[in-house]
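Residue-level structural notes
For reference, the chains in residue letters:
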Amino acid sequence: MCGIVGYTGGRSAAGVVVDGLRRLEYRGYDSAGVALIDDGELHQVKRAGKLANLESALDEAGLPESRCGIGHTRWATHGVPSDRNAHPHLSNDGRIALIHNGIIENFGQLRGELEADGVRFSSETDTEVAAQLLGREYAADGDLTKAMTRVCARLEGAFTLLAVAADDPHTVVGARRNSPLVVGIGDGEHFLASDVAAFIAHTTEAVELGQDQIVTITPEGIAVRGFDGSPSEGRRYSVDWDISAAEKGGYDTFMRKEINDQPAAVADTLRGRIDEAGQIVLDEVRMSDQDFRDIDKVFIIACGTSYHAGLVTKYAIEHWTRIPCEVELSSEFRYRDPVLDRSTLVVAISQSGETMDTLMALRHAKDQKARVLSISNTVGSTIPRESDAVLYTRAGIEVSVASTKAFLTQLAACYLVGLHLAQIRGIKYADEVGAVLTELVAVPDKIAAVIEHMEPVRKLAREAADFGRVLFIGRHVGYPVALEGALKLKELAYIHAEGFAAGELKHGPISLIEDGTPVIAIVPSPRGRSLLHDKIVSNIQEVKARGAKVIAVCEEGDDIARVHADDVITTPAAPTLLAPLLTAVPLQEFAVELATALGRDIDQPRNLAKSVTVE
Ligand code: M6R
């Protein structure tokens, strides 16, 4: 949700912190701010709007060089995006600065208590109560770590906090509950951040903090404690990607770069995932083969694009394993009392591994004794840590808020999970799994071929921009692809875009069609399941008869779709269940191009954040 950075060491703290915020801006861009310590003084600069506004303000401020500081980029929850509500927040004496990612649920009660004590508030945020409480506790003994420990004991909700004190010029203290925080280990310097991307230019050595831990960094070292004050440890690891993964690499936007990353990302996700015995290997497994055999129901929980990956997976899991599979939005799952027990497998899909709706749904599932298998792109994030088994996607960092390569790698990983379940339960023999895998490993080259022929897609997108509305239709796995195409367009272009199960059109949505309405139809392969193909061709005719301008996304050589549609976008042949790995790609480019034609901000669409760590 918000991005946070802390630094102490020999470099310019402003430089390191602002550079880190630039790499975390995908987490929120409503406002940004820094607090820097120099010579016993605390300097704070913060501005509403994007990071560029803060950078100009810092240039104007001409602050003295500092070696220790914190910085924040905000996605607003409590209080409008404004200079006043931007982080950091200061204690009343101006000697303590604090930044926060998450939501402090009991802030109202704490604020009342502090105001009764004479504390003056200068923002509408929940965060300021933590800053004011910390100021009060620090005044008691001048120990920032102990003060933070006492503050955390009072807070309810989700929070990562970082704080600095003017009187402790080389120390940054962090605390973590339900929101991410990693430490970067340097030589004579240390970093704190919500994501390793913030410090990867300086070090690839990291320590991931656990739930309810407090960390104190100085140039010389780090100390980790539990919320009860007892000594503790984080998990040390080396980050296996470098700074180039977080750069645009010559593309105009991160999203275009990430669309182009997809062949390699899918190939990486599939690579080496099968052992000598032909068995699919998960990354972390804390359940036995027998546990997998006992599964009699699968629930997939996820949000947004990850939910669409889950919808595709339902078709694959039920077809390959014959186990009933339901897919549910994480935010709905937890509140409707789903029937779960030890023989239920809950598959949690989350690129970030931090999405609060999915994390809370996962915890609800675990409370009901269900097993949880997670699919995530972020090693060591909270969702995989709390799961019984994990399969990591290997998309590399995804910076653009609109998800592309995360989606395709989630599909690849979900297919592996489906095959794993089928294999372990004896529904599929190794040679059958091998046949699907052969098709799967051929997909990255096909994705590359789709990407090479995007010019016609871009032309169609520019034409559709004038209409200001686009509908998507699909059947079977083409339906979730239609939903995903519509989501991409909504979030990037801010226009009405909606995905429908093509068979549902006649039950209502067809009344939306008027002369010239662009309709993108995801057409299944004409080979094999030709009934499905015939049905969607009928749906194309239905909307055409009412004036729609139909663009068919169909397999190369599908002459029937070509005859009935106004335009076609072709993708290479693939088995029906795997086709979403190809058909989703032109829809991503369509959204980028249409949104570009409307002058939108592609990587940072309005009102959004990459990682949603509030419920
Ligand atoms: O990190 P997650 O996969 O849990 O995120 C879920 C959604 O917030 C995310 O997929 C969102 O819908 C994307 N911005 C869509 O492009």
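Heads up: these notes are all about the structure in this document. Along each chain, numbering runs from 1 in the same order as the chain's sequence is written. Only residues with pLDDT of at least 70 get local features here, since the model is predicted, and only at 80 or more are side-chain atom pairs given and counted; chain-wide, interface and lining totals rely on the full set of residues. Working from all heavy atoms in the structure, the side-chain values ignore hydrogens and water.

Considering the site of the ligand
To keep it simple, the criterion reads: Residue proximity to a molecule or strand is established when one non-hydrogen atom of the residue lies within 4 Å of it. In the analysis that follows, any N or O atom pair within 3.5 Å is treated as a polar contact, provided that within protein one partner can donate a hydrogen and the other can accept it, and provided that, for residues neighboring in sequence, both atoms belong to side chains. Accessible surface is estimated by sampling points in the Shrake-Rupley manner with a 1.4 Å probe; for residues, cover comes only from the protein chains shown. We count a stretch as a helix when DSSP gives it H or I for four or more residues in a row; a strand needs E for two or more, and each element gets its number in order from the N terminus. The nonpolar class holds Ala, Val, Leu, Ile, Met, Phe, Trp, Tyr, Cys and Pro. Asp, Glu, Lys and Arg form the charged class, and all remaining residues, Gly among them, are polar. Where each domain begins and ends follows an automated or database-derived domain assignment.
In the vicinity of the ligand there are 14 residues, among which S306, Q351, S352, T355 and E491 approach most closely. Here an oxygen atom of the ligand sits 2.8 Å away from a polar atom, N or O, in the main chain of S403. In the environment of the ligand, an oxygen atom lies 3.0 Å from a nitrogen or oxygen atom belonging to the side chain of K488. Protein burial of the ligand: of its 410 Å² of free accessible surface, 90% is covered by the chains. When contributions to the shell around the ligand are tallied by element, the ones reaching two or more residues are helix 9 (304-321) and helix 16 (478-493). Grouping the amino acids of the shell around the ligand by side-chain chemistry returns four nonpolar, eight polar and two charged. Two domains share the shell around the ligand, each providing at least three of its residues, namely domain 2 (254-450) and domain 3 (455-597).

Concerning helix 2 (residues 51-61)
Quick reminder: α-helices carry 3.6 residues per turn. Residues three or four places apart thus point the same way. Rules: Burial status follows relative accessibility: with a 1.4 Å probe on protein chains alone, a residue under 20% of its type maximum counts as buried, one over 50% as exposed, and anything between as partly exposed. The directions considered for the arc run from the helix axis to the C-beta atoms. The criterion used for residue contact is that any of the two residues' heavy atoms lie within 4.5 Å.
Taken together, the buried positions of helix 2 are L51, L54, A57 and L58. Down the axis, helix 2 shows its buried residues gathered within 120° of arc, on one side only. Opposite its buried face, helix 2 presents the exposed residues D59 and E60, each directed more than 90 degrees away. Lining the buried residues of helix 2 we find helix 1 (13-24), strand 2 (31-38) and strand 3 (41-48).

Points about helix 3 (residues 107-116)
Of all the positions in helix 3, only L110, R111 and L114 are classed as buried. Viewed along the axis of helix 3, the buried residues span an arc of 100°, placing them on a single side of the element. Of the exposed residues in helix 3, the ones pointing more than 90 degrees away from its buried face are Q109 and A116. Along its buried surface, helix 3 packs onto helix 4 (127-141) and helix 5 (144-154). Looking one or two residues beyond helix 3, the residue adopting positive phi is G118, at roughly 100°.

Structural notes on the side chain of S306
Residue position: S306 is located in helix 9. Those residues in contact with S306 that sit more than four places away from it in its chain are I349, S350, Q351 and Q410.

Some remarks on the packing of helix 9 against helix 16
To keep it simple, the criterion reads: Angles shown run from 0 to 180 degrees and are taken between the N-to-C directions of axes, each axis being a line fitted to C-alpha atoms and, for helices, limited to the stretch in contact. Small angles under 35 degrees read as roughly parallel and large ones over 145 as roughly antiparallel, with 65 to 115 read as roughly perpendicular and the rest as oblique.
The geometry of helix 9 relative to helix 16 is characterised by a closest axis approach of 9 Å and an angle of 170° between their N-to-C directions. Accordingly, the angle class assigned to the pair helix 9 and helix 16 is roughly antiparallel. Contacts between helix 9 and helix 16 pair G304, T305, H308, L311, V312 and Y315 from the former with P480, L483, E484, L487 and K488 from the latter. Broken down by class, the residue content of the contact of helix 9 with helix 16 amounts to six nonpolar, three polar and two charged.

Fair warning: the whole summary comes from geometry, so function is off the table for now.
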